[in-house]
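Overview (structure and organization)
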Amino acid sequence: MKIASVIVDVPSRQTDRPFDYMIPEQWEDILKPGMRVTVPFGPRRLQGFVVEIKSHSEVERLKPIEAVLDVTPVLNEELLELGKYLTETTLCFAISAYQAMLPAAMKAKYEKEIHLIREEYRPLLPEEIQALFAGRSAVAWKDVEQAKLWRTVQKAIQQGYLEVVYQVKEKAGKKIIKYIQLAMPPEEIRQAMEAMPARAAKQKQVLTFLLSKNEAVPLQELIEQTSASYASVKSLVEKGFVVEKETEVYRDPYEHRTFAKTKPLPLTAEQEKALSAIVKRVRANEHSVFLLYGVTGSGKTEVYMQAMEEVLRQGKEAIVLVPEISLTPQMVERFKGRFGSRVAVLHSGLSVGEKYDEWRKIHRKEVQLVVGARSAIFAPFENLGMIIIDEEHEASYKQEENPRYHARDVAIYRARFHGCPVVLGSATPSLETFARAKKGVYELLTLPKRISDNGMPDVHIVDMREELRSGNRSMFSRMLFEKLKERLARGEQSVLFLNRRGYSTFVMCRDCGYVIRCPHCDISLTYHRAGQRLKCHYCGHEEPTMHRCPSCGSEHIRFFGTGTQKVEEELAKLLPEARVIRMDVDTTSRKGAHEQMLSKFGEGKADILLGTQMIAKGLDFPNVTLVGVLAADTMLHLPDFRASEKTFQLLTQVSGRAGRHELPGEVVIQSYTPEHYSIALAAKHDYAAFYQREMVLRKMYGYPPFYYLTLITVSHQEITKAVAVTEKIAAYLRAQLSKEAIILGPVASPIARLHDRYRYQCMIKYKREANMTSVLKTIIDRYQHDVSQGDLSITIDTNPYMMM
Ligand SMILES: Nc1ncnc2c1ncn2[C@@H]1O[C@H](COP(=O)(O)OP(=O)(O)OP(=O)(O)O)[C@@H](O)[C@H]1O
Ligand SMILES: [Zn+2]
Ligand SMILES: [Zn+2]
């Protein structure tokens, strides 16, 4: 008897282990690890992943597996192992780890079908399957199960005749294309044409066209090429000369785009050096982690692409991760232009169906390269030759929900398994990464110069306190305003960056200083001019704008801070002739809006691009010669030990948008604290000095990379309960961990209240704690009852990036 160990689809502590089931005889040699099954679990039927096939079980009377949901494994052995690693390092449930690796379309709620891949394969199928299809090109999975045609269907899938497809009901529906094909041998068609009357000229033309193609032609193309009407085609169908058939095509979000083919550029000496170091490892099948530290505009992307070409030459596959916000159409274009249909693109802007289609292309080995945001790290490649993480310092590589993995760690795990290099690229590497490169744990490759002869842009810092003292109350310093005017006069473009959204940030009473806050979240509300509402950016709470202070009754209410909308208005007043594109979450929420705005700017149809974080990265426009940062210090005041690092990175990246090509660039940074080292050093493009300065502080205050951090956040509707639980946890940690570990707290979280729950936290700083994982697991076990009742929530983040 064969037994399957199954991880069931219930994310809870009690069920977080494999359960054994008997494999019924008909599936004995079909079922493999990595396939999904349905199993009885108490009174329920549950889905689960088979993680092991074995012949003995400790359990006496095993229940049988009820149904097998996949015909080929959806998780290969490597990914199954990776799941175990994730549960150990991030303390997540195994089921959450496995689900994170698959596209959402493959969740239980979607219907499954078996599709005939090509019409030509139909006669090659065994008779009982042909009978099941009965001339159709798809049958429901249920029918296969009912007919017990399991084994034969699986064989046909392995032979490449059939495939499993999840039906995702989307607004757009399935994409179907009509094709027209000759229904008789060419000889017979030619004979028939001779017999046709002269008035059937159009029909003859269609047949001639089809004869010349000798393959199925999309209906639309046929009509365009022959200028025949659909009626003519239809009558040919009726006469039996041609057949019409429908084929499902992948939902391709880039189908209306053509990508100009690009060729590898001749490399600079530094690029060449970096490339050959990477290529050496690719060829030798050796694992290694590279840090490609190259200033903005130094040509890192070109190095990635040429390394990817080598991977393809070796017959292998590569994953390229880029941060979600820099996955701009420009970025996609660079990879599609070089690699065409060999590259799949995965990002959160795709619909469930589109994501699933891209995943299938990878699973079916139709593509060898994937460019995508964080979760693309789980691309089911089996022969990886390289993993690239661009902008490796980006916090978005850390997932802020279960499993709380960091894509960099997953990349290194997978690359070790495949014996291939990881390339971490950045102009502003995270302190953790740069420290490892300095210690020789990673190999450091440097691109110190820009490709463009102009070098780095000149950066000017303006002290906004001075501006105020000299009577300038505008949000533009005199310098920035002058330079904007110059650009307009010269027909060059500018980018204005603001780390905010909305019309204005917060509302304050000038008489008593009262600031309106969210009643649920304890953060200040943001004023949105549309509808005159105040909104909470965490929970969505909304209320009308106040005109009288609720605290003192004064009418001196003022909107503080500046939003993109307000800057846009001010620009319209000061520079009415300037054409401005505003890009923020409000203007880009519509699908495709982002892309449209950027291409409009790229085509020179606007003078100023005004935006939030989303314009800080990846943009590469030759005509941009001025970058203005309106308020450099907004990020400095967040309660986060990485606030300085984030500010430095952001300012460097934003400045990196200027003067990347022939025209020299200039940057103006406005600040109320210009003396702060992260602002001053970003202006000097001095990463090395920043690194040194920041490392001293990190060491002094015991932060990464000198210490590891673990953040435990407890939340409950009742403040006393939240405090009590956090206190008990802190006491337990103090008792269990070594004297070297530092336990901070309990303290109220920076966001002390969210969704009507009080939040308390406790931070552990440590260097080496052998039993850390087991201590944390004990804490989870201890409170599992309260957590499963839904009152209490405990999150443990073993590598926190969100300190709120
Ligand atoms: N060897 C080369 N010869 C000529 N042009 C190059 C070469 N390498 C790169 N470039 C061009 O230089 C510009 C900057 O390169 P790229 O965007 O790759 O830099 P990057 O280091 O990735 O920049 P960032 O970190 O700012 O995104 C691009 O327009 C690119 O096409
Ligand atoms: Zn709120
Ligand atoms: Zn007041």
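Note that this is a predicted model, so its numbers are computed, not measured. (Residues numbered from 1 in each chain as written. Chains lettered and ligands numbered in written order. Predicted model: local features only at pLDDT ≥ 70, side-chain atom pairs only at ≥ 80, totals over all residues. Heavy atoms only, no water.)

**Things to note about the overall build of the protein**
Broken down by element type, the protein carries 25 helices and 33 strands. A compact globule built from 804 residues would reach a C-alpha radius of gyration of about 28 Å, and the protein, at 30 Å, matches this within 12%. Along the three orthogonal principal directions, the C-alpha set of the protein runs to about 95 × 75 × 60 Å. Residues counted as buried form 52% of the 804 residues belonging to the protein. When contacts within the protein are restricted to residue pairs at least 6 apart in sequence, long-range pairs at least 24 apart make up 74% of them. On the protein, roughly 36500 Å² of surface is accessible, and the fraction owed to carbon and sulfur atoms is 51%. The protein carries 111 positive and 100 negative side-chain charges, and their two centres are separated by 2 Å. (Helix = DSSP H or I, 4+ residues; strand = E, 2+ residues; numbered from the N terminus. Rg over C-alpha atoms; globule rule 2.2 N^0.38 Å. Buried < 20%, exposed > 50% of the residue type's maximum accessible area, 1.4 Å probe, protein only. Contact = heavy atoms within 4.5 Å. Areas by Shrake-Rupley, 256 points an atom, 1.4 Å probe, with all protein chains shown as cover. Lys, Arg positive; Asp, Glu negative; His and termini not counted. Charge placed at Lys NZ, Arg CZ, Asp CG, Glu CD.)

**What about the packing of aromatic side chains?**
Applying the stated criterion across every chain, the model contains 16 aromatic pairs. Look at phenylalanine 601 and phenylalanine 621: their rings are 5.3 Å apart centre to centre, the planes differ by 85°, and that puts the pair in the edge-to-face class. Here phenylalanine 621 lies in the loop between strand 27 (608–611) and strand 28 (624–629) and phenylalanine 601 lies in helix 19 (residues 593–602), a separation of 20 residues in the sequence. Overall, the relative accessible area of 0% leaves phenylalanine 601 in the buried class. Put simply, the rings of Tyr293, Phe434, Phe648, Tyr677, Tyr687, Phe690 and Tyr691 touch in pairs and so form one group of aromatic residues. (Phe/Tyr/Trp six-rings, centres within 6.5 Å; stacked < 30°, edge-to-face > 60°.)

**A word on the domain arrangement of the protein**
Many structure descriptions define interface size as the accessible area lost when the parts assemble. Domain boundaries assigned for the protein yield domain 1 (3–102), domain 2 (111–167), domain 3 (176–248), domain 4 (269–353 + 367–447), domain 5 (458–505 + 561–697) and domain 6 (708–797). Here domain 2 and domain 4 have C-alpha centroids that lie 38 Å from each other. (Domains from an automatic or database assignment.)

**Things to note about the nonpolar core**
Judged by nonpolar contacts, the single largest core of 126 residues is most densely connected at Ile65, Ile114 and Leu162. It is helix 14 (residues 407–418) that contributes the most residues to this core, 6 residues altogether. Non-local contacts of isoleucine 65, meaning those with residues more than four positions away in its chain, are made with Ala4, Tyr21, Met22, Ile23, Pro24, Trp27, Leu31, Val37, Thr38 and Val39. Core analysis: the second largest hydrophobic core is formed by 32 residues, Val311, Phe335, Phe339 and Val345 among them. (Core = buried A, V, L, I, M, F, W, Y, C linked by side-chain atoms within 4.5 Å.)

**Looking at the pattern of salt bridges**
Scanning all chains against the criterion turns up 46 salt bridges. In this structure, glutamate 568 engages arginine 582 in a salt bridge whose closest nitrogen and oxygen atoms are separated by 3.4 Å. Of the two residues, glutamate 568 is situated in helix 18 (residues 564–574) and arginine 582 in strand 26 (residues 580–583); the sequence distance between them amounts to 14 residues. Across the pair glutamate 603 and lysine 605 runs a salt bridge, and its minimum N-O distance is 2.7 Å. Several salt bridges share partner residues, and in doing so they unite Lys483, Glu486, Arg487, Arg490, Glu492 and Glu666 into one network. (Salt bridge = Lys/Arg side-chain N within 4 Å of Asp/Glu carboxyl O.)

**Focus: the sheet that holds strand 28**
Pairing in this open sheet of 6 strands is parallel, and the strands run 19-29-28-20-27-26 from one edge to the other. Each edge of the sheet is formed by a strand with only one pairing partner; in this case those strands are strand 19 (458–463) and strand 26. Ignoring which end each strand starts from, the neighbouring axes of this sheet average 15° apart. (Pairing = 2+ DSSP bridges. Axes fitted to C-alpha atoms, helices over the stretch in contact; angles between N-to-C directions.)

**Looking at the site of ligand 1**
In the vicinity of ligand 1 lie 19 residues, with Pro266, Gln271, Lys300, Thr301 and Arg660 positioned nearest. With respect to ligand 1, the backbone of proline 266 contributes an N or O atom lying 2.8 Å from a nitrogen atom. A distance of 3.0 Å is found between an oxygen atom of ligand 1 and a backbone nitrogen or oxygen belonging to glycine 297. Against a free-state accessible area of 630 Å², the protein chains account for coverage of 84% of ligand 1. No other element matches the 3 residues that helix 11 (residues 300–313) contributes to the shell around ligand 1. Within the shell around ligand 1, the residues separate by chemical class into 5 nonpolar, 8 polar and 6 charged. Each of domain 4 (269–353 + 367–447) and domain 5 (458–505 + 561–697) gives at least three residues to the shell around ligand 1. (Near = heavy atom within 4 Å. Polar contact = N/O pair within 3.5 Å; in protein donor to acceptor, adjacent residues only side chain to side chain. Nonpolar A, V, L, I, M, F, W, Y, C, P; charged D, E, K, R; others polar.)

**Notes on the environment of isoleucine 742**
For isoleucine 742, the position within the fold is in strand 31 (residues 742–754). With relative accessibility at 33%, the residue isoleucine 742 sits in the partly exposed group. Remark: the alpha-carbon pair of isoleucine 742 and glutamate 718, spanning 24 residues in sequence, is separated by 27 Å. When near neighbours in sequence (up to four residues on either side) are disregarded, isoleucine 742 contacts Tyr707, Met763, Ile764 and Lys765.

**As for the side chain of glutamine 493**
Position of glutamine 493 relative to the elements: it lies in strand 20 (residues 493–497). Residue classification places glutamine 493 among the buried residues on the basis of a relative accessible area of 4%. Of note is the side chain of glutamine 493, whose polar atom sits 2.8 Å from the backbone oxygen of phenylalanine 601.

**Regarding the packing of helix 6 (residues 186–195) against helix 7 (residues 201–213)**
Look at helix 6 against helix 7: their axes get within 11 Å of each other, and the N-to-C directions meet at 160°. As the angle between them shows, helix 6 and helix 7 are arranged roughly antiparallel. The way helix 6 lies across helix 7 gives a crossing that is left-handed. Contacts between helix 6 and helix 7 involve Pro186, Ile189, Arg190 and Met193 from the first element and Lys204, Leu207, Thr208 and Leu211 from the second. Its residues placed into classes, the contact of helix 6 with helix 7 shows 5 nonpolar, 1 polar and 2 charged. (Parallel < 35°, antiparallel > 145°, perpendicular 65-115°, else oblique. Left-handed = near helix turned anticlockwise from the far one by under 90°.)

**Quick look at the environment of threonine 296**
Topologically, threonine 296 is positioned in the loop between strand 12 (288–294) and helix 11. Sequence separation of threonine 296 and glutamine 653 is 357 residues, and the distance between their C-alpha atoms is 7.1 Å. With near-sequence residues (within four places) excluded, threonine 296 lies in contact with Ala427, Arg450, Met456, Thr652, Gln653, Gly656, Arg657 and Arg660.

**Points about the UniProt feature "domain: Helicase ATP-binding" (unreviewed entry) in the protein**
On the UniProt side, "domain: Helicase ATP-binding" (unreviewed entry) is annotated at positions that read residues 281–447 here. Counting secondary structure, residues 281–447 comes out at 37% helix and 22% strand; the distance between its end C-alpha atoms is 19 Å. (UniProt positions renumbered as here; feature names shortened; annotations may be inferred.)

**Some words on helix 1 (residues 77–90)**
Over its 14 residues, helix 1 extends 20 Å from the first C-alpha to the last, a length consistent with the 20 Å expected when each residue adds 1.5 Å. Of all the positions in helix 1, only Glu78, Leu79, Leu80, Leu82, Gly83, Leu86, Thr87 and Thr90 are classed as buried. Where helix 1 begins, the capping side chain belongs to asparagine 76, and its oxygen is found 3.1 Å from the backbone nitrogen of glutamate 78. Looking at the residues trailing helix 1, positive phi occurs at leucine 91, about 60°. (Expected span 1.5 Å × (residues − 1).)

**Observations concerning helix 6**
Within an α-helix, residues lying three or four positions from one another point in the same direction, as the helix has 3.6 residues per turn. Restricting attention to buried positions, one finds in helix 6 the residues Ile189, Ala192 and Met193. Buried residues of helix 6 fall within an arc of 105° about the axis and therefore sit on the same side. When the buried face of helix 6 is taken as reference, the exposed residues oriented beyond 90 degrees from it are Gln191, Glu194 and Ala195. (Arc of directions from axis to C-beta.)

**Regarding the confidence of the model for the protein**
The predicted coordinates should not be examined in detail at positions where pLDDT is low. Per-residue confidence for the protein gives a mean pLDDT of 86, with 91% of residues at or over 70. With pLDDT under 50 throughout, residues 170–174 is counted as low confidence; its partners more than four residues away or in other chains account for 7 contacts. Reported for the predicted complex are a pTM of 0.78 and an ipTM of 0.94. (pLDDT = per-residue confidence, 0-100.)

**Remarks on the sheet that holds strand 2 (residues 19–22)**
One open sheet holds the 5 strands; their spatial order is 2-1-4-3-5, and the pairing between them is antiparallel. In this open sheet, the two strands that pair with only one neighbour each are strand 2 and strand 5 (67–68).

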